[in-house]
Amino acid sequence: MRQVELLVPASSLEVLKVAVVFGADAVYIGGDVFSLRAKAKNFTIEEIKEGVKFAHDRNVKIYVTANILAHNDDLDKAYEYFEELKNAGVDALIISDPGVFDIAKEVWPEVEIHISTQANNTNYGTYNFWYRLGAKRVVSARELSLEEIKELREKIPPEMEIETFIHGAMCISYSGRCLLSNYFTGRDANQGECTHPCRWKYAVVEEQRPGEYLPVYENERGTYIFNSKDLCMIEHIPELIDTGIDSFKIEGRMKTALYVATVARTYRKAIDDYLNSPDIYKKNMPWYLDQISNCTYRQFTTGFFFGKPSEEAQIYDNNTYIKEYTYLGIIGECKDGLYHIEQRNKFSVGETIEVMKPNGDNIDVTVKRIVTDKGEDLTSAPHPKQSLWIDLGTPLEEYDIIRRKEE
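Residues numbered from 1 in each chain as written. Predicted model: local features only at pLDDT ≥ 70, side-chain atom pairs only at ≥ 80, totals over all residues. Heavy atoms only, no water.

For the rest of this paragraph, the subject is the confidence of the model for the protein. Overall, the prediction assigns the protein a mean pLDDT of 86, with 81% of residues at 70 or greater. In this model residues 217-224 is a low-confidence stretch, pLDDT under 50, and it forms 28 contacts with partners more than four residues away in sequence or in other chains. Low pLDDT (under 50) marks residues 313-319, which in the prediction has 30 contacts with non-local residues, meaning those over four places away or in another chain. (pLDDT = per-residue confidence, 0-100. Contact = heavy atoms within 4.5 Å.)

What follows is the structure, encoded as structure tokens:
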């Protein structure tokens, strides 16, 4: 059995630390340039250095995405950028463009390179091609089934690694090659600026019948015909491991710390439970399913893993998330019996909220006290990102998450 890596996304240094504490084996992040998530709070070089140290101190790896489809103007910047990443000590680069790949190998010959899913990696021939060029790992296209990945595993070198998305948002376009954002808004999805028009409301009109809407699962709000459910493979850890996948990848470099902590913790426990005892994994399935639904999601699907998805993989009547918990903040340092947080959503003294711990425990607590940096007591915390000190009536650990269950 191959060793399985849990690979978790991070949108900021704060989220990176949460991902590490809540169970990631590796974390992937984007820098200021060459990242396909331009709207994320991408990392500066100094933040990357701090994140690398935090992760390495806890035996966790850091991978940096440089997976845009580069244009001429991008290439000169790559030399300096890869030199900076080399000095920062990151563990691998995630690249899709052959020109960018060549520059990375020139600047940093010994670097470990992973080929992004953006490169449309759908067959073992592609894997072998990249292996001969020096890639260590290839990220499979989301359109592959488990059977295809299993055959792929058999026909590539045993030391070559397969990384596969197992949880998160699905793209309506083949391996992310979408033109809708560029067409509608001038913002190129393949340059990291996707506006997610697949989640917008559409109606279908036949060319010879202008203004006449065709009934494509339409309700009074229109049809969200391009809106995919989210991928979730928590019930299929045995099949994923049996297929020979090396890295289980979570999608979500735009997600909150609450989302990252919830998904990382749940998959960490599911993987460890299965490797310890398949019976324990089966017994704990209700807990996994309950926990994985505690973060914002769009309903779940198994994507292409068990064959071509049916119409059930789409959400036709809305583009809204299901939200069971509200993110309130991350526990920081302790001083004089109070714990520091940067508040993310409103909560009040006397309110019952929940502390989410990396070990899987969720503890109901009552807010005893809220204090400002100036020592002023508050009855509530209504201002986002306010620096506060709180007493929840119980000992807490740094990086515990606080959240509120919604009715």
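With antiparallel pairing, 4 strands are arranged side by side in an open sheet as E13-E23-E17-E18. At either margin of the open sheet sits one strand with a lone partner, and together these are strand E13 (325-330) and strand E18 (362-366). On average, adjacent strands in this sheet sit at an angle of 35° to one another, irrespective of strand direction. Where E13 and strand E23 (residues 401-405) come together, 5 bridges link them in antiparallel fashion. Within E23, the position partnered with Ile330 by the bridge is Ile401. In the packing of helix H9 (residues 257-276) onto the sheet, contacts are made with E13, strand E17 (352-356), E18 and E23, and the angle to E23 comes to roughly 95°. (Pairing = 2+ DSSP bridges. Helix = DSSP H or I, 4+ residues; strand = E, 2+ residues; numbered from the N terminus. Axes fitted to C-alpha atoms, helices over the stretch in contact; angles between N-to-C directions.)

Our focus in this paragraph is helix H5 (residues 124-133). Along an α-helix, a turn takes 3.6 residues, which lines up residues three or four apart on a common side. The complete set of buried residues in H5 reads Thr126, Tyr127, Asn128 and Trp130. The secondary structure elements touched by the buried residues of H5 are helix H4 (98-107), strand E5 (113-115), strand E6 (137-139), helix H6 (146-154) and strand E7 (161-168). For H5, the capping residue at the N-terminal end is Asn123, with a side-chain oxygen 2.9 Å from the backbone nitrogen of Gly125. Among the residues trailing H5, Gly134 stands out with phi positive, at a value near 115°. (Buried < 20%, exposed > 50% of the residue type's maximum accessible area, 1.4 Å probe, protein only. Polar contact = N/O pair within 3.5 Å; in protein donor to acceptor, adjacent residues only side chain to side chain.)

The next thing to look at is the environment of Phe43. Structurally, the position occupied by Phe43 is in the loop between strand E2 (26-30) and helix H2 (45-56). Taking C-alpha positions, Phe43 is 9.6 Å from Ala10, a pair spaced 33 residues apart along the chain. Setting aside residues up to four positions removed in sequence, Phe43 forms contacts with Ala10, Ser11, Ser12, Leu13, Leu16, Ile29, Gly30, Gly31, Asp32 and Ile48.

What follows concerns the packing of helix H1 (residues 13-21) against H2. Relative to each other, H1 and H2 sit at 15°, their axes nearing to 10 Å. With respect to their mutual orientation, H1 and H2 come out roughly parallel. The handedness of the crossing between H1 and H2 comes out as right-handed. Only Glu47, Glu50, Gly51, Phe54 and Ala55 of H2 make contact with H1, whose side of the interface consists of Leu13, Leu16, Lys17, Val20 and Val21. (Parallel < 35°, antiparallel > 145°, perpendicular 65-115°, else oblique. Left-handed = near helix turned anticlockwise from the far one by under 90°.)

What follows concerns the pairing of E2. Most of E2 sits out of view: 5 of its 5 residues are buried. Here E2 shows two buried faces, one formed by Ala26, Tyr28 and Gly30 and the other by Val27 and Ile29. Read from strand E1 (residues 5-9) through H1 to E2, the crossover connection turns out right-handed. By the bridge criterion, 5 bridges tie E2 to strand E3 (residues 61-66) in an arrangement that is parallel. Note that in E3 the partner of Ile29 across the bridge is Val64. (Right-handed = clockwise from strand over helix to strand, strands pointing away.)

The subject of this paragraph is the packing of aromatic side chains. Two numbers describe a pair of aromatic rings. These are the distance of the centres and the angle of the planes. For the structure shown, the criterion picks out 7 aromatic pairs. An angle of 70° between the planes, with centres 5.6 Å apart, marks the rings of Phe54 and Tyr399 as edge-to-face. Of this pair, Phe54 sits in helix H2 while Tyr399 sits in the loop between strand E22 (387-391) and E23, and the two are 345 residues apart along the sequence. With a relative accessible area of 15%, Tyr399 lands in the buried category. Pairing Phe101 with Trp130 gives two aromatic rings, centres 5.2 Å apart and planes at 55°, and the pair type is tilted. Residue Phe101 is found in helix H4, and its partner Trp130 is found in helix H5; the two are separated by 29 residues along the sequence. The exposure class assigned to Trp130 is buried, which follows from its relative accessible area of 6%. (Phe/Tyr/Trp six-rings, centres within 6.5 Å; stacked < 30°, edge-to-face > 60°.)

On to the sheet that holds strand E20 (residues 377-378), then. Spatially, 5 strands are ordered E14-E15-E22-E19-E20 in an open sheet, and the strand pairing comes out antiparallel. Where the open sheet ends on each side, the last strands, each with one partner, are strand E14 (334-335) and E20. One ladder, built from 2 bridges, connects strand E19 (residues 369-372) with E20; its direction is antiparallel. Residue Ile370 lies in a different strand from E20, and its bridge partner there is Leu378.

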